[in-house]
Amino acid sequence: MELREIEQLLDKYFDAETSIAEENQLKEYFSSPGVAPHLEQYRPMFGYFAQEATPQFTKTLPLKTKRHYSGWISVAASLVLLMGMFAYFTNQQSQNDLGTYDDPEIAFRETQKALNMVSKNVNVGINSVNYVGGEYEKSRKTIFKE
């Protein structure tokens with residue numbers, strides 16, 4: 001192959017205009033021993049492409065089988081279900097024991113305490129609502145002068 005033709009192919013190659021057949025011609029030329037001295041700089045590049053075209057993998061791959069955790073998942077799910085049932089039934093028993101009195105007088109006093117506490121908290125909430133309502137009215141009268 002002529003030197004002039006190789007130089008033209010190189011120009012086309014660097015402009016990304018070569019075909020696969022032309023690239024193969026370049027690879028053949030640069031793998032031959034008669035490369036022109038001023039084109040010697042391109043020999044490693046085309047040599048690399050030729051060498052890497054057929055890579056060889058020499059490492060051995062360990063063949064580990066995938067572990068199946070489906071058996072353990074079902075065991076874990078059943079344990080979670082049992083713990084949930086235990087917590088639910090324990091909670092139900094403790095709720096049944098709360099708030100029962102044998103003496104009606106004690107039950108009456110405890111009920112009064114609870115209702116008194118609720119009444120105080122409701123009154124605090126009503127006072128806050130009244131304050132907010134008053135402030136709203138002041139702002140509304142300031143904005144919409146009547």
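To keep things clear, this report deals only with the structure shown in the data block. Bear in mind the structure is a predicted one, so any value in this text is a computation, not a measurement. All residue numbers refer to positions counted from 1 along the written sequence of the respective chain. Only residues with pLDDT of at least 70 are given local features in this predicted model, and only at 80 or more are side-chain atom pairs given and counted; all residues enter the totals for whole chains, interfaces and linings. Hydrogens and water are ignored here; the side-chain numbers use all heavy atoms of the structure.

### Quick look at unusual backbone geometry
Phi at Ala16 is positive, roughly 60°, even though this residue is not glycine. Mapped onto the fold, Ala16 is located in the loop between helix H1 (3-14) and helix H2 (20-31). Overall, Ala16 belongs to the exposed group, its relative accessible area being 69%. What counts as a helix is a DSSP run of H or I of at least four residues, what counts as a strand is a run of E of at least two, and both are numbered from the N terminus. Three exposure classes are used, based on accessible area relative to the maximum for each residue type with a 1.4 Å probe and protein chains only: buried under 20%, partly exposed in between, and exposed over 50%.

### Quick notes on a nonpolar patch on the surface
Any residue with relative accessible area above 30% and no salt bridge may belong to a patch, with like charges joined within 9 Å and the nonpolar Val, Leu, Ile, Met, Phe, Trp and Tyr side chains within 5 Å. Method for areas: the Shrake-Rupley scheme with a 1.4 Å probe, in which residue coverage is limited to the protein chains shown. For this document, the term salt bridge refers to a Lys or Arg side-chain nitrogen within 4 Å of an Asp or Glu carboxyl oxygen. Together, Tyr69, Trp72, Ile73, Val75, Leu79, Leu81, Leu82, Met85, Tyr88 and Phe89 line one region of the surface with nonpolar side chains, adding up to about 1100 Å² of accessible area. For Leu82, a relative accessible area of 54% gives the class exposed.

### Focus: the nonpolar core
Counting residues in hydrophobic clusters, the biggest one holds eleven residues: Ile6, Leu9, Leu10, Tyr13, Leu26, Tyr29, Phe30, Val35, Ala36, Leu39 and Phe46. Mapped by element, the contributors of at least two residues to this core are H1 and H2. The greatest single-element share of this core, amounting to four residues, is contributed by H1. Contacts: residue pairs with any heavy atoms within 4.5 Å of one another. With near-sequence residues (within four places) excluded, Tyr29 lies in contact with Leu3, Ile6, Gly34, Val35, Ala36 and Leu39. Each nonpolar core is a collection of buried residues, namely Ala, Val, Leu, Ile, Met, Phe, Trp, Tyr and Cys, held together in the definition by side-chain atoms within 4.5 Å.

### Some words on the packing of aromatic side chains
A pair of aromatic rings is counted whenever rings of Phe, Tyr or Trp (Trp by its six-membered ring) have centres within 6.5 Å, and the orientation is called stacked for planes under 30 degrees apart, edge-to-face for over 60 and tilted otherwise. Counted according to the given criterion, the structure contains five aromatic pairs. Put simply, the rings of Tyr13, Phe14, Tyr29, Phe30 and Tyr42 pair up and form one aromatic cluster.

### Examining the pattern of salt bridges
Going through the model one piece at a time under the given rule, you end up with five salt bridges. Measuring nitrogen to oxygen at the nearest pair gives 2.9 Å for the salt bridge that ties Glu22 to Lys12. Of the two residues, Glu22 sits in helix H2 while Lys12 sits in helix H1, which places them ten residues apart along the sequence. On the basis of relative accessible area, Glu22 is assigned to the buried category, the value being 18%. In this structure, the salt-bridge partner of Glu137 is Arg140, at a minimum N-O distance of 2.9 Å. Taken together, the residues Glu137 and Arg140, both in helix H5 (residues 104-143) and three residues apart, mark about one turn of the helix.

### Examining a negative patch on the surface
On the surface, Glu7, Asp11, Asp15 and Glu17 cluster together to form a negatively charged patch. With respect to the helices and strands, the residue Asp15 is situated in the loop between H1 and H2. Under the counting rule used here, the positive set is Lys and Arg, the negative set is Asp and Glu, and His together with the chain ends is not counted. The atoms used to mark charge sites are NZ of Lys, CZ of Arg, CG of Asp and CD of Glu.

### Looking at H1
Helix length check: H1, at twelve residues, gives a terminal C-alpha distance of 17 Å against a target of 16 Å (1.5 Å per residue), a fit within 8%. Once H1 ends, the next one or two residues include Ala16, with phi positive near 60°. The span you would expect from a helix comes to 1.5 Å times its residue count less one.

### Notes on the side chain of Thr18
Turning to its location among the elements, Thr18 is positioned in the loop between H1 and H2. With relative accessibility at 16%, the residue Thr18 sits in the buried group. A 3.5 Å cut-off defines polar contacts: any pair of N or O atoms within that distance qualifies, except that in protein one atom must be a possible hydrogen donor and the other a possible acceptor, and neighbouring residues in sequence count only when both atoms are side-chain atoms. Among the polar contacts made by the side chain of Thr18, one reaches the side chain of Glu23 at a distance of 3.0 Å. If near-sequence neighbours (up to four positions away) are discounted, Thr18 is found in contact with Leu9, Lys12, Tyr13 and Glu23.

### Brief notes about the environment of Tyr101
Residue placement: Tyr101 occurs in the loop between helix H4 (70-97) and H5. Judged by its relative accessible area of 42%, Tyr101 falls in the partly exposed class. For Tyr101, the contacting residues outside a window of four places in its chain are Ile106, Ala107 and Glu110.

### What about the packing of H1 against H2?
Whenever a helix is involved, its axis is fitted only over the stretch in contact; in every case the axis is a line through C-alpha atoms, and angles between N-to-C directions fall within 0 to 180 degrees. Where H1 contacts H2, the axes come no closer than 10 Å and their chain directions differ by 125°. Relative to H2, the element H1 lies oblique. Handedness of the crossing formed by H1 with H2: left-handed. Counted together, Leu3, Glu5, Ile6, Leu9, Leu10, Lys12 and Tyr13 of H1 and Glu22, Glu23, Gln25, Leu26, Tyr29 and Phe30 of H2 form the full contact between these two elements. Side-chain classes are defined by residue name, with Ala, Val, Leu, Ile, Met, Phe, Trp, Tyr, Cys and Pro counting as nonpolar, Asp, Glu, Lys and Arg as charged, and the others, Gly among them, as polar. When its residues are assigned to classes, the contact of H1 with H2 shows eight nonpolar, one polar and four charged. Our angle categories are set so that under 35 degrees counts as roughly parallel, over 145 as roughly antiparallel, 65 to 115 as roughly perpendicular, and the remainder as oblique. The crossing is said to be left-handed when, going from far helix to near helix, the turn is anticlockwise and less than a right angle, and right-handed when the turn is clockwise.

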